[in-house]
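Here is how the chains run, residue by residue.
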Amino acid sequence: MQQAEHHARPLAGHEALKPPVVWSHAEGLVPYEDAVAAMERRVHAIHQGTAPELVWLLEHPPLYTAGTSAEPSELIDPRFPVHRSGRGGRYTYHGPGQRVAYVMLDLKRRQNDLRAYVCDLEEWLIQTLASFNVVGERRAGRVGIWVKSGKREEKIAAIGVRVRRWVSYHGIALNVEPELAHFGGIVPCGIEDYGVTSLAALGLPVTLEDVDVALRAAFEEVFARSTEQAEGANPVSNR
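Cut-offs and rules
- Residues numbered from 1 in each chain as written.
- Predicted model: local features only at pLDDT ≥ 70, side-chain atom pairs only at ≥ 80, totals over all residues.
- Heavy atoms only, no water.
- Pairing = 2+ DSSP bridges.
- Helix = DSSP H or I, 4+ residues; strand = E, 2+ residues; numbered from the N terminus.
- Axes fitted to C-alpha atoms, helices over the stretch in contact; angles between N-to-C directions.
- Salt bridge = Lys/Arg side-chain N within 4 Å of Asp/Glu carboxyl O.
- Buried < 20%, exposed > 50% of the residue type's maximum accessible area, 1.4 Å probe, protein only.

Draft legend 1. Representation of the sheet that holds strand S5 (residues 91-94). Strands sit in the order S4-S3-S5 across an open sheet of 3 strands; the sheet is mixed. Of all strands in the sheet, those bounded by a partner on one side alone are strand S4 (82-84) and S5. Taken pair by pair, the neighbouring strands of this sheet meet at an average axis angle of 30 degrees, ignoring direction. Of the pairings in the sheet, the one linking strand S3 (residues 63-66) to S4 comprises 3 bridges and is parallel in character. Bridge assignment links Ala66 to a residue of S4, and that residue is Arg84.

Draft legend 2. Here's a closer look at the pattern of salt bridges. Enumeration according to the criterion identifies 14 salt bridges in this entry. A salt bridge links Arg109 to Glu53, with the nearest nitrogen and oxygen atoms 2.8 Å apart. Of the two residues, Arg109 is situated in the loop between strand S6 (98-104) and helix H3 (114-130) and Glu53 in the loop between helix H2 (32-48) and strand S2 (54-59); the sequence distance between them amounts to 56 residues. Under the relative-accessibility criterion, Arg109 is labelled partly exposed at 40%. A single network of salt bridges, built from pairs that share partners, joins Glu137, Arg139, Arg142 and Glu153.

Given below as structure tokens:
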């Protein structure tokens, strides 16, 4: 699928008065511990008012993370490193071909409404998928975004959030073309009766770059914020 260039959506009124959210891409596979440490530094800086808000796009090497609600029985085969995570949720898999977006926003600018923030993350994913003619849906009692595949419903995107001093971190993970067999080492998000899918498994020749363009456009629409491309080799820690 041909990659489209991103063009910032013009903002009007009070939207234009808000500073842009920095948009950053990490090169290569980012170790999980390094990512968490970088997020925590950035969250502190945002709280202190010394750094702008940030969306950080990356891929991880194959690994499992355990959220605050994870049950030991849901780790079936720890074939990859397992990391305890302070985010909400249960076990999930991260690896190459999955677009992770870590979102560091000051929720005080959003009326300290965590529920509304999670709803916006869901809508962000839904609109991103819609740009590829994929219908993503919410399901009560099942975190994440789901698609219908024949008679089955399968999960295509995960959401996990943590908030410190009303600054968010962690975020979303959208399956573009990961190795789906790697999810077999866990019960993804504690839900046994449903499968996991990806854009590639749905027959869509979509690249990570295509998804990045769609994510950025949908983010600006859903969150009503402009974005600014990051500068420098490591903007997460030093900007």
